[in-house]
Amino acid sequence: MFDTPKEAIIFDLGGVLLNLDYDLTEKAFISLGMEDFSKSYSQLQQSHLFDRFECGEISSFYFINQLLDRLPAGLNANQVVHAWDAMILDFPVERLKKLEDLSSKYRLFLLSNTNDLHIDALRRSLEKAVGHRELERYFEKTYFSSAIGIRKPNPEIFEFVCRENRLNPAKTLFIDDSPQHVEGAKKAGLNAQLLGKNEEVFDLPFFLA
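Summarised in this report is the structure supplied together with it. (Residues numbered from 1 in each chain as written. Predicted model: local features only at pLDDT ≥ 70, side-chain atom pairs only at ≥ 80, totals over all residues. Heavy atoms only, no water.)

Let's talk about the side chain of K152
Step number 1: When you line up the elements, K152 lands in the loop between α8 (145-148) and α9 (155-165).
Step number 2: If we ignore the near neighbours within four places in the chain, the residues touching K152 are D12, L111, S112, N113, I157, F158, F174, D176 and H181. (Helix = DSSP H or I, 4+ residues; strand = E, 2+ residues; numbered from the N terminus. Contact = heavy atoms within 4.5 Å.)

Here it is, written out as structure tokens:
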């Protein structure tokens with residue numbers, strides 16, 4: 001799988017570099033009264049509302065109010081945001097240090113399906129870990145689906161990143177913890193590696209070789 005020389009690595013964010021727990025957000029919304037939250041949002045699939053938010057087609061204000069409409073009366077926006085952000089955990093410092101080391105050997109990029117609310121939350125998590133909010137300092141360039149209007153697993157998003165940075169897909173490794181995203185990258189010609197649920201990204205064979 002790692003026989004082809006690699007020139008660049010594109011990392012997913014949540015579940016690969018940033019620890020996530022989708023169950024915490026589901027439990028938070030259930031506690032607010034949305035018993036069927038998992039039918040609308042999960043790691044593997046999500047409803048049109050969440051897709052639109054991750055593609056930047058709707059504002060945070062609209063998204064929050066749509067969720068409030070599905071919840072019992074009397075709740076407020078802060079409660080929705082707190083529940084939505086519950087999945088975002090910590091940035092292990094050792095992963096960030098390894099990114100810094102890797103940057104001398106490979107071109108590094110970040111490609112994440114995320115939205116404005118989570119971007120703010122993950123930057124707060126980064127600041128808690130290392131004292132700054134500048135995720136960009138670890139990569140040549142960072143890409144968030146909400147900023148570019150396309151989300152994984154659409155092959156177009158991988159083609160866009162490769163085209164903009166003149167990357168050879170055959171010499172580019174993509175790492176993600178969602179199988180549908182890995183398949184999308186493969187369709188775009190990239191070498192793609194699925195990170196298993198209990199695997200550590202920098203323990204993959206490519207990094208240990």
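Still more ground to cover, so stick around.
Comments concerning the packing of aromatic side chains
Step number 1: All told, the structure shown has 14 aromatic pairs when counted by the stated rule.
Step number 2: For the pair F29 and F37, a centre-to-centre distance of 4.5 Å together with 5 degrees between the ring planes defines the contact as stacked.
Step number 3: Assessed through its relative accessible area of 1%, F37 is described here as buried.
Step number 4: Between F50 and W84 the ring centres are 5.5 Å apart and the planes differ by 40 degrees, which places this aromatic pair in the tilted class. Here W84 lies in helix α5 (residues 77-85) and F50 lies in helix α3 (residues 48-54), a separation of 34 residues in the sequence. (Phe/Tyr/Trp six-rings, centres within 6.5 Å; stacked < 30°, edge-to-face > 60°. Buried < 20%, exposed > 50% of the residue type's maximum accessible area, 1.4 Å probe, protein only.)

Here we look at the pattern of salt bridges
Should the charged atoms of two oppositely charged side chains come close, the side chains can pair.
Step number 1: This structure, assessed with the given rule, holds 16 salt bridges.
Step number 2: Note that R137 and E134 form a salt bridge whose closest N and O atoms lie 3.2 Å from each other.
Step number 3: Residues K186 and E183 are paired through a salt bridge, measuring 3.8 Å at the closest nitrogen-oxygen approach. Remark: E183 and K186 occur in helix α10 (residues 179-187); sequence separation between them is 3 residues, near one turn of the helix.
Step number 4: A relative accessible area of 42% means that K186 is categorised as partly exposed.
Step number 5: Residue E183 is classed as partly exposed on the basis of its relative accessible area, which comes to 41%. (Salt bridge = Lys/Arg side-chain N within 4 Å of Asp/Glu carboxyl O.)

Here we look at unusual backbone geometry
Step number 1: The peptide bond linking K152 to P153 adopts the cis configuration, its omega dihedral lying at 15 degrees.
Step number 2: Looking at the element boundaries, P153 is found in the loop between α8 and α9.
Step number 3: Even without being a glycine, R166 presents a positive backbone phi close to 55 degrees.
Step number 4: Locating R166 in the fold gives a position in the loop between α9 and β4 (172-176).
Step number 5: In this structure R166 comes out as exposed when scored by relative accessible area, which is 77%.

Topic: the sheet that holds strand β5 (residues 191-194)
Step number 1: Pairing in this open sheet of 5 strands is parallel, and the strands run β3-β2-β1-β4-β5 from one edge to the other. For this open sheet the edge positions go to β3 (141-144) and β5, each flanked by a neighbour on one side alone. When strand polarity is set aside, the average angle formed by the axes of neighbouring strands in this sheet is 20 degrees.
Step number 2: Here strand β1 (residues 8-11) runs beside β4; their pairing, made up of 4 bridges, is parallel. Within the sheet, the bridge partner assigned to A8 lies in β4 and is T172. (Pairing = 2+ DSSP bridges. Axes fitted to C-alpha atoms, helices over the stretch in contact; angles between N-to-C directions.)

A word on helix α1 (residues 22-32)
Step number 1: Those residues of α1 lying buried are T25, A28, F29 and L32. All buried residues of α1 project into a common sector of 95 degrees when viewed along the axis, lining one side. Residues K27 and S31 are exposed on α1 and point more than 90 degrees away from its buried face.
Step number 2: As for α1, its buried residues are in contact with α2 (37-40), α4 (60-69) and α5.
Step number 3: Of the residues that open α1, the one with a side-chain oxygen 3.0 Å from the backbone nitrogen of D23 is D21.
Step number 4: Positive backbone phi, approximately 115 degrees, marks G33, located one or two places after α1. (Arc of directions from axis to C-beta. Polar contact = N/O pair within 3.5 Å; in protein donor to acceptor, adjacent residues only side chain to side chain.)

What to know about the packing of α5 against helix α7 (residues 116-130)
Step number 1: With their axes 10 Å apart at the nearest point, α5 and α7 run at an angle of 65 degrees to one another. The orientation of α5 with respect to α7, classified from their angle, is roughly perpendicular. Remark: the crossing between α5 and α7 carries right-handed chirality. Listed contacts from α7 to V81, W84 and D85 of α5 are L117, H118, A121 and R124. (Parallel < 35°, antiparallel > 145°, perpendicular 65-115°, else oblique. Left-handed = near helix turned anticlockwise from the far one by under 90°.)

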